[in-house]
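# Survey of secondary and tertiary structure
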Protein chains: 2
Amino acid sequence: MENQGIDIQVDRLRRTEYDDYSCWLQYTSISNREWVEHHQSLLSQIIVLNGSMVVKSAKQELFEAIKSMAGITPTLSNELTSQYGIVLATYKDHPSLTDHLSSEEFQNLNEEGYIITSFHSGSQRQLLIVGKTDIGVLYATFHLLRLIKMEENLDDLYIVESPKNQIRMINEWDNMDGSIERGYAGDSIYYENNRFTGDVDRLKDYARLLSSVGINGVSINNVNVHEIETNLITSRFLPDVARVAEIFRAYGIKTFLSANYASSIQLGGLDTADPLDKNVQECWIEKVKEIYSYIPDFGGFVVKADSEHRPGPFTYNRNHADGANMLARALKPFGGIVFWRCFVYNCLQDWRDRSTDRAKAAYDHFKPLDGEFLDNVVLQIKNGPMDFQVREPVSPLFGSMPNTNQVLEFQVSQEYTGQQKHLCYLVPQWKGVLDFDTYAVGEGATVKRIVNGELYNYQNSGITAVSNIGNDRNWTGHSLAQANFYGYGRLIWNPDLTAEEITEEWIRLTFGNDSEVVASVSSMLLKSWEIYENYTAPLGVGWMVNTDHHYGPNVDGYEYSVWGTYHFADCHGIGVNRTLKDGTGYTGQYFKENKDQYESVETCPDELLLFFHYVPYTHRLKSGVTVIQHIYNTHFEGVEQADKLVEDWKQLEGKIDYTRFGGILNRLQEQAKHSREWRDQINTYFYRKSGINDDLNRKIY
Amino acid sequence: MENQGIDIQVDRLRRTEYDDYSCWLQYTSISNREWVEHHQSLLSQIIVLNGSMVVKSAKQELFEAIKSMAGITPTLSNELTSQYGIVLATYKDHPSLTDHLSSEEFQNLNEEGYIITSFHSGSQRQLLIVGKTDIGVLYATFHLLRLIKMEENLDDLYIVESPKNQIRMINEWDNMDGSIERGYAGDSIYYENNRFTGDVDRLKDYARLLSSVGINGVSINNVNVHEIETNLITSRFLPDVARVAEIFRAYGIKTFLSANYASSIQLGGLDTADPLDKNVQECWIEKVKEIYSYIPDFGGFVVKADSEHRPGPFTYNRNHADGANMLARALKPFGGIVFWRCFVYNCLQDWRDRSTDRAKAAYDHFKPLDGEFLDNVVLQIKNGPMDFQVREPVSPLFGSMPNTNQVLEFQVSQEYTGQQKHLCYLVPQWKGVLDFDTYAVGEGATVKRIVNGELYNYQNSGITAVSNIGNDRNWTGHSLAQANFYGYGRLIWNPDLTAEEITEEWIRLTFGNDSEVVASVSSMLLKSWEIYENYTAPLGVGWMVNTDHHYGPNVDGYEYSVWGTYHFADCHGIGVNRTLKDGTGYTGQYFKENKDQYESVETCPDELLLFFHYVPYTHRLKSGVTVIQHIYNTHFEGVEQADKLVEDWKQLEGKIDYTRFGGILNRLQEQAKHSREWRDQINTYFYRKSGINDDLNRKIY
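Residues numbered from 1 in each chain as written. Chains lettered and ligands numbered in written order. Predicted model: local features only at pLDDT ≥ 70, side-chain atom pairs only at ≥ 80, totals over all residues. Heavy atoms only, no water.

Under an unreviewed UniProt entry, chain A has the name Xylan alpha-1,2-glucuronidase and belongs to Litchfieldia salsa. According to the UniProt record, the Sequence similarities (unreviewed entry) comment for chain A reads "Belongs to the glycosyl hydrolase 67 family." (UniProt positions renumbered as here; feature names shortened; annotations may be inferred.)

### Here we look at the layout of surface pockets
All names here are of chain A. Taken as a whole, the second largest pocket encloses approximately 570 Å³ of empty space. Together, 26 residues line the second largest pocket, and Glu 112, Gln 166, Asn 216, Gly 252 and Lys 254 are the ones closest to its centre. Here the residues of the lining of the second largest pocket are counted per class, giving 9 nonpolar, 10 polar and 7 charged. Structurally, the lining of the second largest pocket is a two-domain feature, drawing no fewer than three residues from each of domain 1 (20-161) and domain 2 (167-497). (1 Å grid on protein atoms, 1.4 Å probe; cavity = no way out; pocket = protein on both sides within 12 Å on 5 of 7 lines; lining within 4 Å. Points joined across faces, edges and corners; volume = space filled by probe spheres on them. Nonpolar A, V, L, I, M, F, W, Y, C, P; charged D, E, K, R; others polar. Domains from an automatic or database assignment.)

### Focus: unusual backbone geometry
Within the chain, Asp548(A) stands out as a residue other than glycine whose phi angle is a positive 70°. Mapped onto the secondary structure, Asp548(A) falls in the loop between helix H18 (515-535) and strand S17 (573-574). At Gln419(B), a residue that is not glycine, the phi angle is positive and equals roughly 50°. (Helix = DSSP H or I, 4+ residues; strand = E, 2+ residues; numbered from the N terminus.)

### Topic: the sheet that holds strand S16 (residues 462-466) of chain A
The strand order around the closed barrel built from 8 strands is S7-S10-S11-S12-S13-S14-S15-S16 (chain A), with neighbouring strands paired in parallel fashion. The sheet shows a mean angle of 25° between the axes of neighbouring strands, taken without regard to direction. (Pairing = 2+ DSSP bridges. Axes fitted to C-alpha atoms, helices over the stretch in contact; angles between N-to-C directions.)

### Section: the pairing of strand S14 (residues 377-382) of chain A
As a general feature of sheets, a regular strand has side chains that alternate between the two faces. Residues and elements named next belong to chain A. Counting buried positions over the 6 residues of S14 gives 6, a clear majority of the element. Neither face of S14 is open: one carries Val 377, Leu 379 and Ile 381, the other Val 378, Gln 380 and Lys 382, and all of them are buried. Relative to S14, strand S13 (residues 337-341) runs parallel, the two being bridged by 4 bridges. Residue pairing across strands places Arg 341 opposite Gln 380, the latter belonging to S14. With helix H13 (residues 361-366) bridging S13 and the parallel S14, this β-α-β connection has right-handed handedness. Bridging between S14 and strand S15 (residues 406-411) involves 4 bridges; their strand directions are parallel. Across the sheet, Ile 381 pairs through a bridge with Leu 408, a residue of S15. (Buried < 20%, exposed > 50% of the residue type's maximum accessible area, 1.4 Å probe, protein only. Right-handed = clockwise from strand over helix to strand, strands pointing away.)

### A word on the interface of chain B and chain A
Size of an interface, as often reported, equals the accessible area lost when the parts are brought together. If you look at the interface, chain B gives 22 residues, while chain A gives 22 residues. At the boundary of chain B with chain A, total buried surface from both sides reaches about 2,000 Å², with 51% on carbon and sulfur atoms. It is Arg352(B), Tyr560(B) and Arg688(B) that lose the most area in chain B upon contact with chain A, and together they represent 38% of the buried surface on that side. Across the chain B-chain A interface, the total number found is 6 salt bridges. A salt bridge links Glu677(B) to Arg352(A); its shortest N-O distance comes to 2.8 Å. One can count 12 residue pairs in polar contact (both at pLDDT 80 or more) joining chain B with chain A. Broken down by class, the residue content of the side of chain B that touches chain A amounts to 7 nonpolar, 5 polar and 10 charged. (Contact = heavy atoms within 4.5 Å. Buried area = accessible area lost by both parts, 1.4 Å probe. Salt bridge = Lys/Arg side-chain N within 4 Å of Asp/Glu carboxyl O. Polar contact = N/O pair within 3.5 Å; in protein donor to acceptor, adjacent residues only side chain to side chain.)

Below is the structure:
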């Protein structure tokens, strides 16, 4: 590659403008000079009618971006008098805006919504960037910058946008020692050596990335709150938390903390964490007051209680509502909320016990408590009933609790989907979850309509996710994993966006507008989930990974464990019988339409077949092939597809800057190599177990 | 137990004399007053004719023991004039000894041998404890103390003893951070926090234990020599090593160190560890000089080179002889020796590759080098070709290198045999190895005759083992695991001792002479290896353990790994084909008689069948049952036997002091519980894989 001569050298120079660190905020110069000339006058002035910190962030972003992309240094003004320019304002900033924008249009926006509209009058050529409130201005600015980067015509814009979800959040799983639980992109950007890093620049850039895709809340420490992190809510660390919150505040992002449920013991000096104990309640009331004295707009707590050995109300014979409400009462006066995680199950299960079913646990624990939670409690529910597998059905808790706030929890971090060494673009998976019809109130009761609060008029609801970033220069380890971060934000802003739209946007912003790059990378991303699924656990059965770290194949890795995660493969067949008829009865947690569909082998979708049914290897799928042949076929195909990803990427040499081209190529090659380990272990395992030959006589060991 | 009233209270008081810490050196008072009275005069005086440090240790041990056991404070004398008493002397200490002991008898002793003889002449009643050299006096003293503790009559003793093996060694796998690799009895007694503990009392007691069973060499750090331990051979730590050596020296024990092969780089500032490089050689010569300036009787080095990612001569295209000889040349002037470990194999094997066989590796690497090693190099060979499994064939290297010194390496630490949570008394296993006939020079070429140097006139040879002790108060975690430490020492002193003899000795010394205790504990110990084998990996196939820590069942744990440790179970059968005919050819490494026996399914012993052959589950063993039924039977039986161990032990309540009774009971109960996990995982695995029912319809999951 180094020896391809002068053309490449020139190209390298041009490409060095791109920096992996900037992700999709690549303010590289626009090579289409025609576009720049056409918009010259518009870009030459920024008129700012609002002085808030958030609008200041918008102005700064816009100013730097225009300078960098268009080579124009805009003049800055606080007056609407100019003929040309981009106007940043909230609706109430200037009465004359009402001439152009009807008050009705703004009534229909929610608090974070915005309108972008071109205003032509005589020789006046303005672009109005108007938020319902200041954060709308910032979101609109990032929207405009997307359009600019994609070289869209800005002459006749009329864009009305409101986020569909009120809560759009990220959960960091960062520990104060600098490690990140399930983190695959270096260490924490927040902490090192049990202190805050104090890296303001990096945090500010992170806030820019978050805000640019509409994230409005971040919990900044691991839901497993260990000894030292328990002290984040004390005077020892609250000044540091406040400094982080200040950085995030300027980008419209609220700061949350994961709290140790037993803090009343560890910090409060009490001998109990009984939620009905007056002293415990008082302890939390005082603690919350103290937090808000440092951070007046503190978001609230994320709590993992009675889950995987974390403390919780069960110790005191209280239920989750008791526990969550105690915290919620303390937060209520300040507007804070409690995210109470539903990831509660028996993690000391006996593998011999076929009656206990981990998939049933969250529903069994929480459904009976519907209506008992205060309105500033939000139940946080993982997308599936298990744990972020490559394929799971949707959690039956969605739709089943009309009187309890819910947020959906995704995992952007690729714990079970290749750990950012493998390409696995999750937007298509997430869309499937959001579009899933629960039939909670008849047809159309999709998950997205539940978590956006529409169906049950939730007070607080939305979507959250486990972060995939770390202090690697490119934030996400695999540069293409940036697409999951971007896609997550964009999708939860508006779950009606198609995966294709989001993907194209991300590629154009990240790599530029070259149509070959767009087509090729788009195809790679959109197929990648299926590819990953092909060479890993088949037909919805899940797991088959190495224990603890969860990377790489181990078919029986969890088969005889305490974790409730089994596939029950024997020499005749494989799968978990979760039917009402003669299985664990999990299907009964769904509303009728889904229950009926999953209950029957005939109607259960193939991709979830082994999640719901034990079937013989000779069972014929809807595709016509047997289960065993499907396993062989998909695993051989998956490796071929992984190889193809490498080949496809190589075709883009010269069109992508060297750093990212090489970094991504390395990861794709590692994936292709590692996919063979998956293929061979799984095929060999099932060949040895079933004794059934591959119809195509391919090499199985 | 607490409520059984006054009898137990009295018993408890009596029993508190026993202390787990003292292991088999329990100098509790002899309850048989008749015996004490009979020997009163003999025990009333100790006559010491030699002033060496080692004889001083003997005198001190004898004095304290008599005081404690017999309630007599012996007078001490340096003169032979007294009528009564025990005389401690070396042969050359006093010419009058020749009156009683022929010089011929002493000629036949080796340097560490001794004679214990009663001397009666008129009213003179003396017991002569005479060593060929001073260490013989100490060994004889411990011998005498065994007799006293067992209340044997001392009137007419005539005992002639020489150790059968010259090298009788222990390898500690202690790291300076205080951890012990494969240690199951607490942390290191040598190190903590990357420094020496300086716990002189503990080290002295350890030296007493070692010497009491005849161990004469200890390497004090892990064979995996990490960063900090590499510095043990520098002035930073040599003063500390010298202090340890001083403690050991008084008990006739030489101190060795595990050395980092690449020290010339890490310590010497060179950029190579090429053994043929003059600077590297010079570096070691200087280093060894420095070591001996601190420890004039330093034993030498133990080296793990080119093994499991440790550095070695392969890096420089040199062979093991080149590497070992370089170190040996440096040690030669001082009488030091090099233990060069043969645990060399491909630890990055592809599980798909059926041609590579880890079992073949040591032989393939070392056999061709026979005769190339200097005479102060000793090849250190694990008992089996794999890694201390519950059952393995004997390494074919034994007997195959007539011109190269060999020591046999056992593992007293129970890495794969229950980690001192399970009872697994290994003396019967070790005896099997020592008595194995290699047929190297025709019938009778047993391993014990090879490693004792008899067969090939080795200059340096013997037996070494990985230690099972740590800083737990009882040294070995499981108090019954003390028997492995004791048994190892006694067995390598004299491999012709029967397991029954050693076992009875240990029990009587450790728990007293109650015949029910002796019978019951003896039976428990002697059956324990078989019991452990019954519920773990069947028929010699090995492994089936969890990775890394090696505790507990995981049938496929190593099946798709890089470690070369596979069982190849499929739905038809199981086992590794290591035949010459159509397998890996490993059988060809044995001499004809063994090769022929192992090569054929008909003659291969059942207990090693799956090590050598892949057979169908329906293959009938010599016992008449099929392989699958054997698996079921032994696993059900193993659990019943583990339960029986608990019951047997409970029968001894009141006969064993409370601390040890309870501690051992806890471990036996844990074993019984854990044996069920083994049984169920293995039976379920094979039932699911084979689809063959248990003939007896017992519960399989």
